[in-house]
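Here's the letter readout for the chains.
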Amino acid sequence: MSLSVIYACVLIYRKCTDVVCCIIFLIVILGYIALGTVAWFHGDPRKIISPTDSQGQFCGQTDTSNSNKNILFYFNMLKCASPAVLINLQCPTTQLCVSKCPDRFATLSEVSVNKSWEYYRQFCKPGFVLGSKVGNILQRCFPEFKSKEGLLTVANQTTFRDPRNNTWTVNDLRDAAMGIASLLNAKEIGVKILEDYANSWVWILIGLGMTMVFSLSFILLMRYIACVILWLMICGIIIAAGYGGWRCYKEYVLLLEKPDTNVAISDIGFQTDLSIYLEMSQTWLVLMILLILIVVVIVLMLIFLRKNLSIAFALMKEGSRAIFYIICTLFYPIVTFFLLAICIAYSAVTAVFLASSGNAIYKVTSPDDKCIHRNLTCSPKTFSQTNIAKECPGAQCMFAFYGGETVYHNYIILLHVCNLFVFLWLVNFVLALGKCTLAGAFASYYWAKRKPKDIPTCPVYASFSRAMRYHTGSLAFGSLLLAMVQMIRIVLENLHLKLKRSQSCMSRFLLHCLKCCFWCLERFIKFLNTNAYIMIAIYGHSFCKSSRDAFDLLMRNILRVVVLDNLITFLLFIGKLVISGGIGVLAFLFFSKRIPIVQDMVPQLNFNWVPLLTLIIGSFMISSGFFNVYAMCVDTLFLCFCEDLERNDGSSSRPYYVSPGLHKILRKGEERAKSSASS
């Protein structure tokens, strides 16, 4: 019986696979929906976005006394020197909602001397006085630091005295405010970036549209002139990278003679004006090294794999022919993108509502570190009736965070972990569904005796329906294995951050070894899963059997696999670089007004790099979407070819289904590889 008949029978007599895993997957999805619903009932995103005073009330809330006070004011900024400030923007000091930040500076002692109490009363809780010239950052008041004759000052002062006659320097105040004050640039930059997007979104869409046209043209033209396109692409990127490296060297030598440009990039940090980096010699040195490495890697790849380029070209040409006959496969990534967007949005919203779940929790704060009641839970309504204030002078009952004592609140961290794990599982399932769908469509092309006449109608829809109806459990099984490994890697990354400053060399060494091992394991599982999904799409077996069959088949053709898989991945990556790089160059010339014809059409921007980076990253993602379909097509055809050679002998009763030209080239490549291995 010919393989096409076997394939047709498999399509007709399929049955559900990995039913148990399918049931578990559906139960997990229902539980995930329940988790999101519970989080929605308990959470309130305002608790994360809006400032909260010491009484647990939102600043600017319409139904409270803070309706016209939308800015948060800190009583003692010096107590904010804690890493936790960056997480929840809460300090162990009195926090008040005010309508505006004060524009004068004074300490408690100075207020009593200069009799300016009436002005500061509007910013103070009864019994407390706080003064500092401040600015409004993210709806919070912060000191306004200025540099005068090389010295950092606040209100022209460098030292301050508190009511206890302790002396504080402006550096103490800066260190306390630095954690939150660093968010000032983030807000300003964010607003300017949104303005740039509003002014340039039309040109960004035009650039992304050009990327789609270039990617589609590249894949379709590969059917006719694959060899010409690939060689032009390889030579073009070598010449461009070589010329770019030479230009970077010239700029580096030129700037090296200027003493003001010999500044390390790490010394200036992130700058919104990218032209600053272009005036530094180190920038051009880094770019030169990067471009030289690209040229060296490409040349070495061509030298060592030159004998197999013809095989890769032929296989990619056959893949282009398959996509030409099943053109709708190029638009399936839109379905994947839509499903991924749903998963990401639902997971993000659930995480926000989980993080904002709970009621206001109040803790006892005291200036005395020896206070036994410090950090205990309290109630502001009954605090004045307790003996805490007597036992700990200066103690207050202040808002600390949002939480609760119920079972739900006690397991918030666990629910966050569940949210992350299910998110990884769903994302991997969506990607697995896309691979299985495309593999089924391209397999129908390969096993068609008369192409394209025998290709089934609507192969993509038919393959998608089969995958969802019969193989949801198998796809869920494979994506579950991958999600578990990814979850372990996330845990290891978290441990790495915590042990980064550890003095134990052995612990850091073991952690790096574990990270490396699980990275390799993830790569292997991804490779095995991809081929297992192809076998599932062809034969309809369970995940374990398909994985075993795919692994055995690949091991029996290991010479072809090692060479072709890496070479084709390399060629497709060069294609992505050429398209995204070309769009990036055009965008740079356009937004820098270096194209005379369209100079008057360039919009006014705060940062030229906003649309430029958006177009480069967006074009790379779009081209990756098209080329991933191409890669899946080539992988499917290659696996079908290996299966074809083992089941058929080329006779009239069992003919090969591969095209004669591709079969001849692949046979020559195999014989060449065997002769090289034997010698």
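The rules behind the values
Residues numbered from 1 in each chain as written. Predicted model: local features only at pLDDT ≥ 70, side-chain atom pairs only at ≥ 80, totals over all residues. Heavy atoms only, no water. Helix = DSSP H or I, 4+ residues; strand = E, 2+ residues; numbered from the N terminus. Buried < 20%, exposed > 50% of the residue type's maximum accessible area, 1.4 Å probe, protein only. Contact = heavy atoms within 4.5 Å. Areas by Shrake-Rupley, 256 points an atom, 1.4 Å probe, with all protein chains shown as cover. Disulfide = S-S within 2.5 Å. Expected span 1.5 Å × (residues − 1). Arc of directions from axis to C-beta. Phe/Tyr/Trp six-rings, centres within 6.5 Å; stacked < 30°, edge-to-face > 60°. Axes fitted to C-alpha atoms, helices over the stretch in contact; angles between N-to-C directions. Parallel < 35°, antiparallel > 145°, perpendicular 65-115°, else oblique. Left-handed = near helix turned anticlockwise from the far one by under 90°. Salt bridge = Lys/Arg side-chain N within 4 Å of Asp/Glu carboxyl O. 1 Å grid on protein atoms, 1.4 Å probe; cavity = no way out; pocket = protein on both sides within 12 Å on 5 of 7 lines; lining within 4 Å. Points joined across faces, edges and corners; volume = space filled by probe spheres on them. Patch = residues over 30% accessible without salt bridge, like charges linked within 9 Å, V, L, I, M, F, W, Y side chains within 5 Å. pLDDT = per-residue confidence, 0-100.

A.B. asks: So what exactly am I meant to see when it comes to the overall build of the protein chain here?
C.D. replies: Counting secondary structure elements, the protein chain contains 23 helices and eleven strands. Within the span of the protein chain, comprising 679 residues, buried residues form 43% of the whole. A sequence separation of at least 24 residues applies to 72% of the contacts in the protein chain between residues at least 6 apart. Accessible area for the protein chain stands at about 36,300 Å²; split by element, carbon and sulfur atoms hold 66% of it.

A.B. asks: Explanation requested: unusual backbone geometry in the structure shown.
C.D. replies: Backbone geometry places cysteine 458, a non-glycine residue, at a positive phi of 50°. Examined against the element boundaries, cysteine 458 turns out to sit in the loop between α16 (412-446) and α17 (459-470). In this structure, lysine 593 is a non-glycine residue whose phi angle is positive, near 60°. Examined against the element boundaries, lysine 593 turns out to sit in the loop between α21 (558-591) and α22 (609-647).

A.B. asks: I tried to follow the state of the cysteines on my own but got confused; where do I start?
C.D. replies: Each disulfide consists of one covalent bond between the sulfur atoms belonging to two cysteines. According to the stated counting rule, one finds one disulfide in the structure shown. Here cysteine 378 connects covalently by a disulfide to cysteine 397, the sulfurs 2.1 Å from one another. One quick way to see it: the torsion about the S-S bond of cysteine 378 and cysteine 397 is about 105°, and its sign makes the bridge right-handed. One end of the pair, cysteine 378, is in strand β10 (residues 377-378); the other, cysteine 397, is in strand β11 (residues 396-403), with 19 residues separating them in the sequence. The same class applies to cysteine 378 as to cysteine 397, namely buried. The structure places no disulfide on cysteine 16, whose sulfur is separated from the nearest cysteine sulfur, that of cysteine 22, by 7.4 Å. No disulfide involves cysteine 516; its sulfur sits 4.3 Å from the nearest other cysteine sulfur, which is in cysteine 520. When its relative accessible area of 45% is taken as the criterion, cysteine 516 is described as partly exposed.

A.B. asks: Can you help me understand helix α20 (residues 543-556) in this one?
C.D. replies: For the α-helix, the turn length of 3.6 residues means that residues three or four positions removed from each other point alike. With 14 residues, α20 extends 20 Å from end C-alpha to end C-alpha; this agrees with the ideal 20 Å at 1.5 Å per step. Within α20 the residues assigned to the buried category are Phe543, Ser546, Ser547, Ala550, Leu553 and Leu554. Looking straight down α20, one finds its buried side chains confined to an arc of 135°; they lie on one side.

A.B. asks: Help me understand the packing of aromatic side chains in this model?
C.D. replies: For any pair of aromatic rings, the description rests on two quantities: the centre-to-centre distance and the angle between the ring planes. Applying the stated criterion to the full structure yields 17 aromatic pairs. A centroid spacing of 6.3 Å and a plane angle of 55° characterise the contact between phenylalanine 421 and tryptophan 425, whose relative ring orientation is tilted. Of the two residues, phenylalanine 421 and tryptophan 425 both sit in helix α16, four residues apart, roughly one turn of that helix. The exposure class of tryptophan 425 is buried, given its relative accessible area of 3%. Relative to tryptophan 447, the ring of tyrosine 446 lies with its centre 4.8 Å away and its plane at 80°, an arrangement referred to as edge-to-face.

A.B. asks: Honestly, the packing of helix α2 (residues 19-42) against helix α13 (residues 332-355) in this entry has me stumped. Any pointers?
C.D. replies: Following both chains from N to C, one finds α2 and α13 inclined at 40°, their axes separated by 8 Å at the closest point. Our classification of the angle between α2 and α13 gives oblique. Considering how the two elements wind past one another, α2 and α13 form a crossing that is left-handed. Two secondary-structure elements touch here, α2 through Tyr32, Ile33, Leu35, Gly36, Thr37, Ala39 and Trp40 and α13 through Tyr346, Ser347, Thr350, Phe353 and Leu354.

A.B. asks: Just checking my understanding: could you explain the pattern of salt bridges for this structure?
C.D. replies: If the charged atoms of two oppositely charged side chains come close together, the side chains can form a pair. In total, this model carries eight salt bridges according to the counting rule given. Residue arginine 321 pairs with glutamate 318 through a salt bridge whose shortest N-O separation is 2.5 Å. Here the residue arginine 321 and the residue glutamate 318 both occupy positions in helix α12 (residues 309-325), the gap between them amounting to three residues, near one helical turn. Here the residues in one salt-bridge network are Arg489, Glu522 and Lys526, joined through shared partners.

A.B. asks: It is not clear to me how empty space enclosed by the protein should be interpreted in this structure. Could you clarify?
C.D. replies: A water-sized probe rolled over the atoms picks out the places where empty space is left. Within the structure shown, the criterion is met by two cavities of 30 Å³ or more. Estimated volume of the second largest cavity: approximately 40 Å³. As for the second largest cavity, its lining consists of Arg14, Cys436, Gly440, Ser463, Arg466, Ala467, His471, Ile536 and Ala537. Looking at the lining of the second largest cavity, the elements that each hand over two or more residues are α16, α17 and α19 (505-539). In terms of residues, the lining of the second largest cavity owes the most to one element, α17, which gives three residues.

A.B. asks: Would you take a moment to explain the environment of isoleucine 225 for this structure?
C.D. replies: Relative to the assigned elements, isoleucine 225 resides in helix α8 (residues 183-256). Distance from isoleucine 225 to lysine 317, taken between C-alpha atoms, is 8.2 Å for residues 92 residues apart in sequence.

A.B. asks: Before we go on, may I ask you to explain a nonpolar patch on the surface in this structure?
C.D. replies: Together, Trp201, Val202, Leu205, Ile206, Met210, Val213, Phe214 and Leu586 give the surface a local cluster of nonpolar side chains, amounting to about 710 Å² of exposed area. Considering every element that reaches the nonpolar patch, the biggest residue donor is α8, with seven residues. Within the secondary structure, valine 213 is located in helix α8. Taking the relative accessible area as the measure of exposure, valine 213 reaches 48% and is therefore partly exposed.

A.B. asks: Help me understand the confidence of the model for the protein chain, please; the structure alone is not making it clear to me.
C.D. replies: Put simply, the protein chain has an average pLDDT of 77, and 71% of its residues get 70 or more. The weakest mean pLDDT in the protein chain belongs to helix α4 (residues 85-88) at 40; the strongest belongs to α2 at 92. Counted against residues more than four places away or in other chains, residues 82-89, with its pLDDT under 50, gives 13 contacts. Segment residues 179-184 is flagged for pLDDT under 50; beyond a separation of four residues in sequence, or across chains, it makes 14 contacts in the model.

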